[in-house]
Amino acid sequence: MEQLTDKFGRQITYLRLAVTDRCNLRCQYCMPAHGIDIVDREELLTYKEMYRITRVLSELGVNKVRLTGGEPFVRKNFIDFLEMLSFNDKLEEINITTNGALISKNIKKLEKLKINSVNLSIDSLSKENFANITRRDVFDEVFETLEVLERSSIKLKLNTVVQSGINTHEIVDFIELTKNKDIAVRFIEEMPFNGTGKRDVYELWNFTKIFEEIKVNYTNVEPLKSPKSSTSHNFKISGYKGTFGIIPAYTRTICNDCNRIRITATGMFKNCLFDEGVFNVRDFLRNGASDDELKALFLSIVKEKPENGFIAEANRKNNKGISESMSTIGG
Ligand code: SAM
Ligand code: SF4
């Protein structure tokens with residue numbers, strides 16, 4: 001069977017699937033305080049449709065899937081969907097990105113389903129600052145999830161969006177968390193996907209600045225080898241149990257080895273985080289497409305994957321710039 005390969009020879013093996021556009025938090029860098037305009041329920045892919053898309057993609061070489069959103073755990077019966085997916089033996093990894101506010105009691109079930117890793121989003125270790133960033137008072141629940149996950153068999157990565165003047169003073173606190181905990185903290189460059197089209201950044205915290213801040217505070221930073229398609233450059237402090245990484249999400253120096261595609265909660269296929277969506281798979285399915293037609297579609301649209309995120313952004317037809325929320329794209 002032909003495999004998904006783009007015209008630059010990059011093999012596509014990783015699907016990021018947004019299971020909903022709804023969320024229980026209102027992170028400042030992701031959406032406005034009043035939330036985003038969510039779509040009608042019928043516009044969301046059903047679990048059956050998501051299962052079918054994933055199965056067909058797995059026959060074309062996709063062997064990892066990350067479930068994201070919105071907040072995946074706010075969608076009813078999400079755990080049953082995970083169970084459905086776990087029956088697909090072509091998938092080597094099922095991963096989840098979550099804000100962790102609803103799931104500390106569900107970790108045993110996730111272990112049973114052999115979920116490979118959870119990326120837990122946490123942008124502050126202070127209850128007050130966490131509430132300021134997420135506009136919700138759920139720090140204790142999220143931190144409990146962190147601790148339960150850390151004791152579980154599931155690999156734990158923390159996603160921390162570095163926001164100028166808001167949590168940059170906590171970078172060292174996050175690194176200190178890796179001293180005795182076997183976790184990977186990943187600092188993410190903030191991107192303009194905040195659902196407002198506006199972005200007031202008082203100082204640019206890019207990869208270089210984040211790394212400099214760390215090097216000023218530590219003399220013993222060791223670089224680590226990362227898998228080819230890794231989105232983060234990884235390091236550890238000598239003698240610390242865990243690791244840390246920096247994800248150049250906005251400066252986009254990682255595109256050469258990209259192996260990812262995305263499907264949004266409404267079934268929009270995206271070759272790149274920065275494109276505006278290239279094809280609505282949901283409509284194609286609902287118009288009666290066969291598996292062979294779906295395969296032919298995926299093989300051909302992947303050929304259009306842009307070389308990097310800058311080209312994807314420049315190719316947008318809507319020239320008003322990026323205004324969508326990460327919650328509708330599936331981060
Ligand atoms: N609700 C879940 C969560 O927060 O983990 C999953 C969806 S969220 C959109 C996925 C990831 O995107 C999170 O780690 C979040 O921090 C990140 N994210 C959201 N908006 C972002 C932005 N403007 N720049 C960088 N990362 C962002
Ligand atoms: Fe919700 Fe995740 Fe966006 Fe925060 S980052 S508002 S938790 S979707």
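Rules of the game
- Residues numbered from 1 in each chain as written.
- Chains lettered and ligands numbered in written order.
- Predicted model: local features only at pLDDT ≥ 70, side-chain atom pairs only at ≥ 80, totals over all residues.
- Heavy atoms only, no water.
- Helix = DSSP H or I, 4+ residues; strand = E, 2+ residues; numbered from the N terminus.
- Rg over C-alpha atoms; globule rule 2.2 N^0.38 Å.
- Buried < 20%, exposed > 50% of the residue type's maximum accessible area, 1.4 Å probe, protein only.
- Contact = heavy atoms within 4.5 Å.
- Areas by Shrake-Rupley, 256 points an atom, 1.4 Å probe, with all protein chains shown as cover.
- Core = buried A, V, L, I, M, F, W, Y, C linked by side-chain atoms within 4.5 Å.
- Pairing = 2+ DSSP bridges.
- Near = heavy atom within 4 Å.
- Nonpolar A, V, L, I, M, F, W, Y, C, P; charged D, E, K, R; others polar.
- Phe/Tyr/Trp six-rings, centres within 6.5 Å; stacked < 30°, edge-to-face > 60°.
- Lys NZ or Arg CZ within 6 Å of the ring centre and 35° of its normal.
- Axes fitted to C-alpha atoms, helices over the stretch in contact; angles between N-to-C directions.
- Parallel < 35°, antiparallel > 145°, perpendicular 65-115°, else oblique.
- Left-handed = near helix turned anticlockwise from the far one by under 90°.

J.: Would you explain the overall build of the protein chain in this entry?
T.: Helix and strand counts for the protein chain come out as 11 helices and 12 strands. A globule of 331 residues ought to have a C-alpha radius of gyration of about 20 Å, and the protein chain, at 19 Å, matches this closely. Expressed as a percentage of the 331 residues in the protein chain, the buried residues total 56%. Long-range pairs, those at least 24 residues apart, make up 73% of the contacts in the protein chain with a sequence separation of at least 6. When the accessible surface of the protein chain is totalled, it reaches about 15100 Å², and 49% of it is carbon and sulfur.

J.: Just to check I follow, could you spell out the nonpolar core for this structure?
T.: One recurring pattern in soluble globular proteins: nonpolar side chains tend to sit buried together. Ranked by internal contacts, the top residues of the largest apolar core, which has 93 residues, are Leu67, Phe187 and Phe298. The greatest single-element share of this core, amounting to 6 residues, is contributed by helix α9 (residues 291-302).

J.: What is the right way to read the pairing of strand β9 (residues 243-247) from this model?
T.: Every regular strand shows the same layout, with side chains that alternate between the two sheet faces. Burial of β9 is extensive: 4 of the 5 residues sit out of reach of the surface. With 5 bridges connecting them, strand β6 (residues 184-189) and β9 associate as parallel partners. Following the sheet pairing, isoleucine 188 is matched in β9 by isoleucine 247. Sheet analysis places strand β8 (residues 233-237) next to β9, joined by 3 bridges and oriented antiparallel. Its bridge partner being in β9, asparagine 234 is matched across the sheet by glycine 245. The loop that links β8 with its antiparallel partner β9 comprises 5 residues; one of these, glycine 239, has a positive phi angle of about 90°.

J.: What is the right way to read the site of ligand 2 from this model?
T.: Ligand 2 sits among Cys23, Leu25, Cys27, Tyr29, Cys30, Met31, Gly70, Asn99 and Ser327. Per-class residue counts for the shell around ligand 2 are 6 nonpolar, 3 polar and no charged.

J.: In this structure, what is going on with the packing of aromatic side chains? I would like to understand it.
T.: Two numbers describe a pair of aromatic rings. These are the distance of the centres and the angle of the planes. Inspection of the entire model under this criterion finds 13 aromatic pairs. Lying across the ring of tryptophan 205, lysine 209 places its NZ or CZ 4.6 Å from the centre. In this structure, arginine 252 is placed above the aromatic ring of phenylalanine 274, and the distance from its NZ or CZ to the ring centre is 3.7 Å.

J.: For this particular structure, what's the right way to read the side chain of threonine 264?
T.: Tracing the backbone through its elements, the reader meets threonine 264 in the loop between β10 (260-263) and β11 (268-270). Residue classification places threonine 264 among the buried positions, given a relative accessible area of 6%.

J.: How do you make sense of the sheet that holds strand β5 (residues 155-162) when you look at a structure like this?
T.: In any sheet, the strands associate via hydrogen bonds between backbone groups, in a parallel or an antiparallel arrangement. Read across the open sheet, the 12 strands follow the order β7-β8-β9-β6-β5-β4-β3-β2-β1-β10-β11-β12; overall the sheet is mixed. One side of each edge strand has no neighbouring strand; the edge strands of this open sheet are β7 (221-223) and β12 (279-280). Pairing between β7 and β8: 3 bridges, direction antiparallel. Following the sheet pairing, proline 223 is matched in β8 by phenylalanine 235. Contacts from α9 reach β10, β11 and β12 within the one sheet, and its direction differs from that of β11 by about 40°.

J.: What am I meant to see in the packing of helix α1 (residues 47-58) against helix α2 (residues 78-86) here?
T.: Between two packed helices, both the angle of their axes relative to each other and the distance between the axes serve to describe the pair. Orientation of α1 relative to α2, taken along the N-to-C sense of each, is 25°, at an axis distance of 11 Å. It follows from the interaxial angle that α1 and α2 lie roughly parallel. In terms of crossing hand, the pair formed by α1 and α2 is right-handed. For the pair α1 and α2, contact is made by Tyr47, Lys48, Met50, Tyr51 and Thr54 and by Phe78, Phe81, Met84 and Leu85, respectively. Residues of the contact of α1 with α2, tallied by class, amount to 7 nonpolar, 1 polar and 1 charged.

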